[in-house]
Amino acid sequence: MVLVAGARPNFMKVAPVLWEAERRGIDVTLVHSGQHYDHNMSDVFFQDLGIREPDVNLGVGSGTQSEQTAGVMVAFEQALGARDVDVVVVVGDVNSTVACSLVAAKLGIRVAHVEAGLRSRDWDMPEEINRVVTDRLSDFLFAPSADGVANLRAEGYRDDQIHLVGNVMVDTLLANLDRARERSTLRDLGVAAGGYGLVTLHRPSNVDDPAVFAGIAEALGAVASQLPLIFPIHPRTRPMLEQFALDDSITLIDPAGYLDFIALQDGARLVLTDSGGVQEETTMLGVPCLTLRENTERPITVTEGSNRVVGTDPATIVEAATAALASEDDHPRPELWDGAASARIIDALLEVPLVERPRPTDLPPS
Ligand code: UD1
Ligand code: UDP
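Conventions adopted
The written sequence of each chain sets the order in which its residues are numbered from 1. Lettering for chains starts from A, numbering for ligands starts from 1, and both go in the order in which the items are written. Residues qualify for local features only when their pLDDT is at least 70, as the model is predicted, and side-chain atom pairs are given and counted only at 80 or more; totals for whole chains, interfaces and linings, by contrast, use all residues. Working from all heavy atoms in the structure, the side-chain values ignore hydrogens and water. Salt bridges are counted wherever a side-chain nitrogen of Lys or Arg sits within 4 Å of a carboxyl oxygen of Asp or Glu. Runs of H or I in DSSP of at least four residues are treated as helices and runs of E of at least two as strands, each being numbered from the N terminus. With a 1.4 Å probe rolled over the protein chains alone, any residue whose accessible area is under 20% of its type maximum counts as buried; one over 50% counts as exposed, and the rest are partly exposed. Residue proximity to a molecule or strand is established when one non-hydrogen atom of the residue lies within 4 Å of it. Contacts described as polar in this section are N or O atom pairs within 3.5 Å, which, within protein, must combine one atom able to donate a hydrogen with one able to accept it, while residues neighboring in sequence count only if both atoms come from side chains. Reported accessibility uses the Shrake-Rupley method at a 1.4 Å probe radius. Residues are deemed covered only where the shown protein chains occlude them. When DSSP finds two or more bridges between two strands, those strands count as paired. Only heavy atoms enter the contact rule, under which two residues are in contact if any of them lie within 4.5 Å. Each axis is a line fitted through C-alpha atoms, and for a helix only the stretch in contact is used; angles between axes span 0 to 180 degrees, taken between their N-to-C directions. Distance thresholds for patches are 9 Å for like charges and 5 Å for nonpolar side chains (Val, Leu, Ile, Met, Phe, Trp, Tyr), applied to residues having over 30% relative accessible area and no salt bridge.

(A) Inspection of the pattern of salt bridges at higher detail. As enumerated under the stated definition, the model contains 26 salt bridges in all. For E22, the salt bridge goes to R52, with nearest N and O atoms at 2.8 Å. One end of the pair, E22, is in helix α1 (residues 8-23); the other, R52, is in the loop between α2 (43-49) and β3 (56-57), with 30 residues separating them in the sequence. What makes E22 partly exposed here is its relative accessible area of 33%. The class for R52 is partly exposed, based on a relative accessible area of 27%. The shortest N-O distance in the salt bridge between R158 and D160 comes to 2.7 Å. Assessed through its relative accessible area of 35%, D160 is described here as partly exposed. Through salt bridges with shared partners, a single ionic network connects K13, D93, E115, E128, R131, E280, R293, E297 and R298.

Right under this line is the structure:
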């Protein structure tokens with residue numbers, strides 16, 4: 001098995017799959033595409049989660065959408081070389097995910113997609129294109145939630161391709177929550193549990209457009225007058241912060257490591273974000289989350305979690321924050337978000353010999 005990771009939200013997803021596969025004696029080649037490469041966007045996750053060194057680092061780095069995707073493809077094809085690979089497992093929706101899926105499919109290697117079926121229905125998001133294309137190339141579609149299964153069925157995928165397995169990110173969260181809570185993260189930042197809000201922003205639609213970012217900055221300033229905010233800055237967002245001075249009650253910090261960031265989410269009174277994974281983690285932690293986007297590919301965090309999708313209009317954000325500060329979360333947790341998703345994935349991969357499985361070509365007409 002080849003297991004691929006490339007960017008920050010991939011590392012906590014590959015970790016439990018890697019452990020479970022190796023625990024069952026599967027030979028795993030761990031590939032890092034190098035899409036994210038700063039210490040606090042990559043290495044810190046390997047350290048915090050005890051993930052072993054990748055066997056291969058493609059060292060692709062940053063670029064335009066096509067430069068990065070094509071760079072991963074060329075390097076991954078070379079890295080596969082003459083290796084005898086039965087399945088390539090990819091996670092999430094980043095450029096490295098779709099690039100490696102395409103290479104594997106064209107080499108006739110089975111593709112397994114962890115986090116299949118999520119749809120924002122927003123074709124302006126590079127991730128939505130990556131999700132749809134990766135799913136189409138995949139032999140195994142591992143959906144984290146029932147909405148993902150419904151999307152895949154509606155798109156015509158066969159039932160034998162679709163596996164509702166739960167959420168691997170939750171496997172990692174549950175395995176590490178106690179360690180995160182033991183850290184001095186909150187103390188070091190001079191905040192107490194329940195006494196601050198947490199912000200993350202990195203979607204191009206929010207942080208590449210000065211007009212949109214100005215509105216969000218205004219809203220954050222208004223929220224910060226009610227609740228001090230901590231804002232770990234994603235590298236994509238940094239240039240905007242050089243143009244906009246944020247309110248003094250907003251503490252800007254470097255991207256946090258995994259354990260520190262889980263501790264920060266766990267202690268937050270409110271989270272404001274455009275991250276996909278943070279919507280899921282706040283749902284598990286029961287922390288109110290406002291998603292500063294017009295849509296989400298993770299609707300289960302709204303229907304069965306603590307998330308509200310509020311868009312980017314400043315008045316709406318402030319109103320939603322005020323309402324969230326006055327409420328308590330008492331939601332159930334989504335089905336199968338229980339810490340055993342990676343075990344279900346390995347079960348499914350081992351269930352039927354790969355050579356006996358029908359290929360994606362055999363999709364019925366949708
Ligand atoms: C990528 C993913 C996005 C994911 C996000 C998680 C795609 C299309 N996007 O977005 O889905 O939500 O990661 O964090 O795959 N940079 C650094 N250091 C790094 C990495 C990036 O400085 O280690 C800077 C570079 O200037 C780079 C920019 O951040 O151009 C954007 O990085 P990139 O990987 O292209 O996209 P993200 O916005 O990080
Ligand atoms: N995360 C982190 N440090 C941060 C911000 C996020 O460790 O400063 C973690 C977060 O807990 C989650 C994952 O990164 O596990 C989400 O990744 P990100 O928001 O970069 O990408 P997305 O999920 O939006 O694709």
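(B) View of the site of ligand 1. Residues in contact with ligand 1 amount to 19 residues; listed here are only the nearest, H36, N95, E127, H202 and R236. Between ligand 1 and H202, the relevant distance is 2.8 Å, taken from an oxygen atom to a side-chain nitrogen or oxygen of the residue. Between R236 and ligand 1, the recorded distance is 2.5 Å, taken from a side-chain N or O atom to an oxygen atom. Here ligand 1, which alone exposes 740 Å², has 85% of that area covered by the protein. Contributing elements (two or more residues each) for the shell around ligand 1: α3 (65-80) and α5 (126-137).

(C) Seen up close, the sheet that holds strand β1 (residues 2-5). Read from one edge of the open sheet, seven strands run β3-β2-β1-β4-β5-β6-β7, paired in parallel fashion. Taken across any chain shown, the strands that pair with only one partner, and hence form the sheet edges, are β3 and β7 (162-164). Where β1 meets strand β4 (residues 87-91), two bridges bridge the pair, whose relative direction is parallel. Paired with L3 across the strands is V89, a residue of β4. Packed onto the sheet, α1 meets β1, β2 (29-32) and β4 and runs at close to 160° relative to β1. In this fold α3 packs onto β1, β2, β3 and β4, with an angle of close to 155° to the strand it touches most, β1.

(D) Highlighting a nonpolar patch on the surface. On the surface, W123, I129 and V133 cluster together into a nonpolar patch covering about 270 Å² of accessible area. Relative to the elements of secondary structure, V133 occurs in helix α5. The class of V133 is partly exposed, set by a relative accessible area of 31%.

(E) Structural detail: the sheet that holds strand β11 (residues 270-273). Taken in spatial order, the six strands line up as β10-β9-β8-β11-β12-β13 in an open sheet, and their pairing is parallel. Two strands in the sheet have a free side with no partner beyond their single neighbour: β10 (250-253) and β13 (307-309). Each strand of the sheet is rotated relative to its neighbour by a mean of 20°, with strand direction disregarded. Note: strand β8 (residues 197-200) against β11, four bridges, orientation parallel.

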